[in-house]
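Observations on the model geometry
Below are the chains, spelled out letter by letter.
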Amino acid sequence: MESLNKVRVILLLNDTDASHLTQSRGVSLWLASHTGAEILEMEVPLLSGAARKRADAAARKLAGGNRRDARDWLTMADGDSLVRRVGASFAELGVREGARDILIISAGEAAAPYNLALGYIWRCHCATVMRPGIVTTDPFDFAIIADHEFPERKPNILVTLGAVNSIQKENLFSEAQKFLEFYPPNKKQSPKWSVIIGGDDDNYTMTPQWVKRNLGLLLRSSVNAEAELYIHVSEKISTQTAKTISQIAIHAENIRYLGWETEESYNPIAAMLGFSDAVFCTEDLHDNITEAITAGNKVVLMRTEAKRNLKKVLQDITASMIKAGAAPQSLLWGKPKYDMLFDHFLRYELMLEFKTWQKSRHGLVLSQSADRLVIAEDFNEAKRAAEWIINNWG
């Protein structure tokens with residue numbers, strides 16, 4: 001990398017979406033670690049209904065706008081208080097308009113227009129994570145977009161393998177140690193396997209039958225391997241499927257932890273990624289899969305069941321049209337889009353299919369060559385994005 005003192009202040013705009021925040025924080029934290037920059041976090045106004053539609057329509061002008069357009073848009077989009085808060089914080093830090101060592105960063109469509117408008121006013125660098133929606137990536141200095149979102153290849157766009165996240169390996173160890181004090185393994189040297197289970201959403205469903213078949217097999221395999229299990233279950237799980245998990249788990253002596261997202265304020269996933277010898281994750285949890293890979297875990301993908309509805313039919317038709325060359329790849333959506341993401345992870349041997357793991361039966365020996373193991377150990381797209389910003393800072 002070039003000189004590391006290019007970024008002095010990072011203004012992170014938060015739209016209160018947890019997934020968006022972990023992405024923008026991930027890049028910001030790595031930037032701060034490389035440059036010593038101070039990070040400020042501020043929430044953007046959360047518009048809805050007619051107000052959101054008016055703001056979105058007016059935001060189109062920002063793509064080729066100026067400072068006056070930015071001020072008009074912020075006034076219309078309830079952003080005056082945000083401007084005052086940013087101004088006060090910048091004044092405390094001695095930031096003036098036109099400072100070239102300031103970066104505004106946000107993730108997602110809701111915060112992107114505020115990012116761009118503030119950038120016009122203070123004449124500083126702007127970065128968007130994920131597609132920014134109506135304002136497009138063109139006005140941004142930096143755009144960080146996952147490959148399964150099919151971004152254009154342009155100098156201001158970095159294409160990442162999966163979504164960026166805020167996982168930093170060095171912080172996981174302490175989380176793991178604290179967690180294991182409460183849920184220690186029966187045998188210190190036993191392999192520790194973590195299982196992260198999702199549930200139902202627009203694309204996937206998880207039935208009691210799936211749990212009996214797959215979790216049951218995993219439990220039998222863990223007994224044979226003398227492994228201890230740590231299981232976390234998402235709030236998306238249905239009542240009947242959750243009941244089936246409990247019924248299976250109550251008879252398993254090697255389950256050291258079974259946690260339910262609906263019952264706990266503490267999220268144990270960071271700790272689980274810090275101590276696990278292997279992580280089994282259901283395919284609906286795309287972000288957790290990427291986090292586990294970033295943490296350097298051996299990741300096993302557990303396929304669930306696709307929902308059988310009109311949406312799934314339309315997704316498959318679109319995928320077939322794309323495969324036949326009758327539609328652009330950017331139209332891919334829903335489950336087929338995430339299947340493409342998983343195909344990329346599998347191609348680079350960053351994870352393993354559960355069926356493939358079943359066939360191996362003897363532990364979790366992956367077929368990676370030495371060079372690919374190095375790729376897996378170094379895989380951190382948020383860090384790569386931060387270094388790309390530093391190296392391309394103008």
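Bear in mind the structure is a predicted one, so any value in this text is a computation, not a measurement.

1. Looking at the sheet that holds strand E4 (residues 125–129)
Here six strands make up an open sheet; going across it, the order is E2-E1-E3-E4-E5-E6 and the pairing parallel. Bordering the open sheet on either side are strand E2 (38–43) and strand E6 (157–160), each of which pairs with just one other strand. Taking each pair of neighbouring strands and ignoring which way they run, the sheet shows an average axis angle of 20°. Direction of pairing for strand E1 (residues 9–14) relative to E2: parallel, over a ladder of six bridges. Pairing of Val9 across the sheet is with Glu38, part of E2. Packed on one face of the sheet, helix H5 (residues 112–122) meets E1, strand E3 (102–107) and E4 and runs near 165° to E3. In the packing of helix H15 (residues 381–391) onto the sheet, contacts are made with E4, strand E5 (142–146) and E6, and the angle to E6 comes to roughly 165°.

2. Focus on the pattern of salt bridges
Across all of its chains, the model carries 19 salt bridges by this definition. One salt bridge connects Asp316 with Lys312, and the closest N-O pair in it is separated by 2.6 Å. You can see Asp316 and its partner Lys312 sitting in helix H11 (residues 310–323), four residues apart, about one turn around the helix. Close ionic contact of Glu381 with Arg384 constitutes a salt bridge, the shortest N to O distance being 2.9 Å. Residue Glu381 and its partner Arg384 are both found in helix H15; the two are separated by three residues, about one turn of the helix. In this structure, a network of salt bridges that share partners links the residues Glu283, Arg303, Lys335, Asp339 and Glu353.

What counts and what doesn't
- Residues numbered from 1 in each chain as written.
- Predicted model: local features only at pLDDT ≥ 70, side-chain atom pairs only at ≥ 80, totals over all residues.
- Heavy atoms only, no water.
- Pairing = 2+ DSSP bridges.
- Helix = DSSP H or I, 4+ residues; strand = E, 2+ residues; numbered from the N terminus.
- Axes fitted to C-alpha atoms, helices over the stretch in contact; angles between N-to-C directions.
- Contact = heavy atoms within 4.5 Å.
- Salt bridge = Lys/Arg side-chain N within 4 Å of Asp/Glu carboxyl O.

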